Amino acid sequence: MTAVKNPNESSGSSPAIIAIVAIVAFFVVAFGAAKLLGKSDPVAIDSDGFEASAVVVEGTPLEFMPTDVSVSTDPTVDPAIGQTAPTISGQNFSGETVEIKDDGRAKAIYFVAHWCPHCQAEVPLLVSVIDEGLVPEGLDIYLVSTSVDKGRGNYPASAWLDGENWPMPIIRDDNQNQALINYGAGGFPYAVFLNSANQVVARAAGETNRETILQLWNGAVNAEAIPTNVDGANAESSTIDGGDNSATTVASDS
């Protein structure tokens, strides 16, 4: 922005102009930082101060999910395959501590946004499969409520998930979406699947069908520890048909 100088003013910058320039610079820097993180929304908005909560993330962040990948276990396409997932510690909507950590069990971790229509379709499907008793022995399922925004639809997330009777542990992400970002920030709904050694064996971005859900769950339970080379990549890979591959990006206004 260029300020038009009043010819009657001295050559010095006025306090008002300095303030305007400072504000503009702040938003430019914030937007640039968000783009570096692969996001066009700099911060999620939790006006009530309840839907989001502080999280602690320990460990190396996962590589970002490639934008053109729906479901894959191929390390040549998805650089997170074979990585050890970081630990997340946060709170559920009741204020109880929930941890996602290396505990010797396989895991399916779902990241959902209340305003995402594909998440609104995926969650009841997951609940249905869980309620049918089809979760394989040795698998723990977690849900991370992230990217909260009171200005978008289906708010609040807590009421939505309660209405869907979500039965598994939940973590509230913080207002900077640190859990989502440290786990690779794929399109919504976004899921990360870990073997019992806490290594990433698959990731999914977008809606998945029933068959794919069961494949991914069983694949996580049955996956052995992944030998890594100097690049941290697994030598073997496979690809799964992920259903309709519908995904909502973090910046979506859907």
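Residues numbered from 1 in each chain as written. Predicted model: local features only at pLDDT ≥ 70, side-chain atom pairs only at ≥ 80, totals over all residues. Heavy atoms only, no water.

Colleague: Before we go on, may I ask you to explain helix α5 (residues 210-222) in this structure?
Modeller: Its 13 residues give α5 an end-to-end C-alpha distance of 18 Å, which sits within 8% of 18 Å, the value for a rise of 1.5 Å per residue. For α5, the set of buried residues is T212, I213, L216, W217 and A220. Down the axis of α5, the smallest arc covering the buried residues is 130 degrees, so these residues share one side. Across from the buried face of α5, at angles greater than 90 degrees, the exposed residues are E211 and N222. Next to the buried residues of α5 lie β2 (71-72), β5 (106-112), α2 (117-131), β6 (139-145), β8 (190-194) and β9 (200-205). (Helix = DSSP H or I, 4+ residues; strand = E, 2+ residues; numbered from the N terminus. Expected span 1.5 Å × (residues − 1). Buried < 20%, exposed > 50% of the residue type's maximum accessible area, 1.4 Å probe, protein only. Arc of directions from axis to C-beta. Contact = heavy atoms within 4.5 Å.)

Colleague: Help me understand the pattern of salt bridges, please; the structure alone is not making it clear to me.
Modeller: Where charged atoms of side chains with opposite charge meet at close range, the side chains can pair. Scanning all chains against the criterion turns up six salt bridges. Here R203 ties to D78 by a salt bridge, and the two come within 2.6 Å at their closest N and O atoms. With a gap of 125 residues between them, R203 in strand β9 and D78 in the loop between β2 and β3 (87-91) connect regions that are remote in the sequence. Each of the two residues, R203 as well as D78, counts as buried. Between E99 and K101 there is a salt bridge, with the nearest N and O atoms lying 3.4 Å from each other. In this structure E99 comes out as partly exposed when scored by relative accessible area, which is 36%. Relative accessible area serves as the criterion here: at 38%, K101 is assigned to the partly exposed category. (Salt bridge = Lys/Arg side-chain N within 4 Å of Asp/Glu carboxyl O.)

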